[in-house]
Amino acid sequence: MFAAENGLKGDPRLQAISEAIRVIPDFPKQGIMFQDITTLLLNHKAFKDTVDIFVDRYRDMEISVVAGIEARGFMFGPSIALAIGAKFVPLRKPRKLPGDVISEAYVLEYGTDCLEMHVNAVQPGERAVVIDDLVATGGTLSAAIRLLERMGAEVVECACVIGLPEVKGHSRLNGKPLYILVEPRKIEHCC
């Protein structure tokens, strides 16, 4: 569900967050309109508003784990975790974490990828939220959910700053709610 459909309709923070995201046409390949959140991170107010909206949503949900997907989920997840009194668990690409890990593969448009997590990062019964910057197909979020659930965590919700319009009608991933702040920005004029 989009934040504007869940009590934040007309909230000026959502417009400011959307406007702070730069759109890069044809990156990383032709036909892609890349949603660059680095400009959001450079805008103190928009960055703070992004974190505050998520914190307000999760503060009273008894969340004990904020799991961030590499790499952009790492930019929002730790701040949210600190503010709600939860631990932050990084979900990383293969061979980035030392020690014992569990892995979960997922399908991409062309090929597969994998997420890993430390074996003892979450305990059975812990309540988790998964954070990333953007959801397109939901494949990465679904892998994150499976990874956490294999360790016994209860995934309460997934949350993304940006959600593609195609996802708008889909409110669930693996049976989990999806909370999105804004739709992708488009470029008015190009070239």
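Residues numbered from 1 in each chain as written. Predicted model: local features only at pLDDT ≥ 70, side-chain atom pairs only at ≥ 80, totals over all residues. Heavy atoms only, no water.

## A short note on the state of the cysteines
Alright, step 1. The tally for this structure, following the rule as stated, stands at zero disulfides.
Alright, step 2. Of all cysteine sulfurs in the structure, the one in Cys 158 sits closest to Cys 114, which takes part in no disulfide; the separation is 17 Å.
Alright, step 3. Here Cys 160 stays unpaired: no disulfide links it, and the sulfur of Cys 158, its closest cysteine neighbor, is 7.1 Å away. (Disulfide = S-S within 2.5 Å.)

## A few points about helix 4 (residues 73-84)
In an α-helix, one turn spans 3.6 residues, which is why side chains three or four residues apart end up on the same side.
Alright, step 1. Its 12 residues give helix 4 an end-to-end C-alpha distance of 16 Å, which sits within 8% of 16 Å, the value for a rise of 1.5 Å per residue.
Alright, step 2. Downstream of helix 4 by one or two residues, Gly 85 has phi in the positive range, about 75 degrees. (Helix = DSSP H or I, 4+ residues; strand = E, 2+ residues; numbered from the N terminus. Expected span 1.5 Å × (residues − 1).)

## Focus: the packing of helix 1 (residues 12-20) against helix 3 (residues 44-58)
Alright, step 1. Contact pair helix 1 / helix 3: the axes reach a minimum separation of 9 Å and the direction vectors enclose 130 degrees. Relative to helix 3, the element helix 1 lies oblique. Where helix 1 crosses over helix 3, the handedness of that crossing is left-handed. Judged by residue contacts, Arg 13, Leu 14, Ala 16, Ile 17 and Ala 20 of helix 1 engage Ala 46, Asp 49, Thr 50, Asp 52, Ile 53 and Asp 56 from helix 3.
Alright, step 2. Of the residues that constitute the contact of helix 1 with helix 3, the class distribution is six nonpolar, one polar and four charged. (Axes fitted to C-alpha atoms, helices over the stretch in contact; angles between N-to-C directions. Parallel < 35°, antiparallel > 145°, perpendicular 65-115°, else oblique. Left-handed = near helix turned anticlockwise from the far one by under 90°. Contact = heavy atoms within 4.5 Å. Nonpolar A, V, L, I, M, F, W, Y, C, P; charged D, E, K, R; others polar.)

## Quick word on the packing of helix 3 against helix 4
Working note: a packed helix pair is described by the angle between its axes plus the distance between those axes.
Alright, step 1. Where helix 3 contacts helix 4, the axes come no closer than 9 Å and their chain directions differ by 50 degrees. Looking at the two axes, helix 3 sits oblique to helix 4. Viewed along their axes, helix 3 and helix 4 form a crossing whose handedness is right-handed. In this structure, helix 3 contributes Phe 47, Thr 50, Val 51, Phe 54, Val 55 and Tyr 58 to the contact, and helix 4 contributes Met 75, Phe 76, Ser 79, Ile 80, Ala 83 and Ile 84.
Alright, step 2. Looking at side-chain class alone, the contact of helix 3 with helix 4 contains 10 nonpolar, two polar and no charged residues.

## Examining the side chain of Asp 11
Alright, step 1. Inspection of the secondary structure assignment puts Asp 11 in the segment before helix 1.
Alright, step 2. Overall, Asp 11 belongs to the buried group, its relative accessible area being 16%.
Alright, step 3. Among the polar contacts listed, one links the side chain of Asp 11 to the side chain of Arg 13, at a separation of 2.8 Å. (Buried < 20%, exposed > 50% of the residue type's maximum accessible area, 1.4 Å probe, protein only. Polar contact = N/O pair within 3.5 Å; in protein donor to acceptor, adjacent residues only side chain to side chain.)

## Let's talk about helix 1
Alright, step 1. Every buried residue of helix 1 is listed here: Leu 14, Ile 17, Ser 18 and Ala 20. Axial view of helix 1: buried residues confined to an arc of 165 degrees, hence all on one face. Looking at helix 1, the residues exposed on the side facing more than 90 degrees away from the buried face are Pro 12 and Glu 19. (Arc of directions from axis to C-beta.)

## Things to note about the pattern of salt bridges
Any two side chains of opposite charge can pair, on the condition that their charged atoms come close.
Alright, step 1. Applying the stated criterion across every chain yields a total of 14 salt bridges.
Alright, step 2. With a closest N to O distance of 3.2 Å, Asp 56 and Arg 59 form a salt bridge.
Alright, step 3. Residue class for Asp 56 comes out partly exposed when judged on its relative accessible area of 45%.
Alright, step 4. In this structure, Arg 146 engages Glu 104 in a salt bridge whose closest nitrogen and oxygen atoms are separated by 2.8 Å. In this pair, Arg 146 sits in helix 5 (residues 139-150) while Glu 104 sits in strand 5 (residues 101-108), placing the two residues 42 residues apart along the sequence.
Alright, step 5. Arg 146 gets classed as partly exposed once you look at its relative accessible area, which sits at 29%.
Alright, step 6. Using a relative accessible area of 13% as the deciding quantity, one classes Glu 104 as buried. (Salt bridge = Lys/Arg side-chain N within 4 Å of Asp/Glu carboxyl O.)

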